[in-house]
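Here is how the chains run, residue by residue.
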Amino acid sequence: MVNDKGRLCHTYSFLGVETYRQVSDEPIPVGDVTLRMLFEADEAKRGTPGTVTLWADDRQIGEGRIDHTVPLAFSTYAGLDVGRDNGGVVDLHYEDRAPYAFTGTVKGVVFDLKPASLEDETVLHHHAAVQAVAAGAAG
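Scope of this entry: the structure provided in the associated data block.

Rules behind the numbers
- Residues numbered from 1 in each chain as written.
- Predicted model: local features only at pLDDT ≥ 70, side-chain atom pairs only at ≥ 80, totals over all residues.
- Heavy atoms only, no water.
- Helix = DSSP H or I, 4+ residues; strand = E, 2+ residues; numbered from the N terminus.
- Contact = heavy atoms within 4.5 Å.
- Areas by Shrake-Rupley, 256 points an atom, 1.4 Å probe, with all protein chains shown as cover.
- Pairing = 2+ DSSP bridges.
- Salt bridge = Lys/Arg side-chain N within 4 Å of Asp/Glu carboxyl O.
- Buried < 20%, exposed > 50% of the residue type's maximum accessible area, 1.4 Å probe, protein only.

## Some remarks on the overall build of the protein chain
Part 1 of the reasoning: A tally of regular secondary structure across the protein chain gives one helix and five strands.
Part 2 of the reasoning: Long-range contacts, defined as pairs at least 24 residues apart, comprise 43% of the intrachain contacts of the protein chain with a sequence gap of at least 6.
Part 3 of the reasoning: Approximately 9,900 Å² of the protein chain is accessible, and the part contributed by carbon and sulfur atoms is 55%.

This is the structure we're talking about:
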């Protein structure tokens, strides 16, 4: 989101228990600009912490840490909203302004999930298989 001071903001809510916020050090430039958020995980495993960097075109304008990411699969996700929060807000700091709609123009959105190494993918698939078997045994 872009806050009322023109700064790029990213919020990650860890199951509503912890909230991690990154805000750019400066307002985003006026005009056509490509904004980007990059999450670099510390390890290729579920629940890993990592670093978030915020970018305007090819210049880094902010960064921060996420100490915990969701370590399991869950299905309470309500979908993806671009330019507004149609359901529950991600960040309670702007709950009173929901849906906090962006008034500029979004020309496109790209999600780039970098491929992991074969070894990392194998570890993740093994973990998912173990979880699936465990869930079936419990059900």
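## Brief notes about the pairing of strand β2 (residues 18–27)
Residues in a regular strand point their side chains to alternate faces of the sheet.
Part 1 of the reasoning: Bridge analysis of strand β1 (residues 7–14) against β2 gives seven bridges, and the strand direction is antiparallel. Within the sheet, the bridge partner assigned to His 10 lies in β2 and is Gln 22.
Part 2 of the reasoning: The turn linking β1 back onto β2 is made up of three residues, and Leu 15 within it adopts a positive phi angle of 55°.

## Topic: the pattern of salt bridges
Part 1 of the reasoning: Across all of its chains, the model carries six salt bridges by this definition.
Part 2 of the reasoning: Between Lys 107 and Asp 32 there is a salt bridge, and its shortest N-O distance comes to 3.2 Å. You can see Lys 107 sitting in the loop between β5 (59–66) and α1 (118–138) and its partner Asp 32 sitting in the loop between β2 and β3 (35–41), a full 75 residues away along the chain.
Part 3 of the reasoning: According to the relative accessible area criterion, Asp 32 is exposed, its value standing at 68%.

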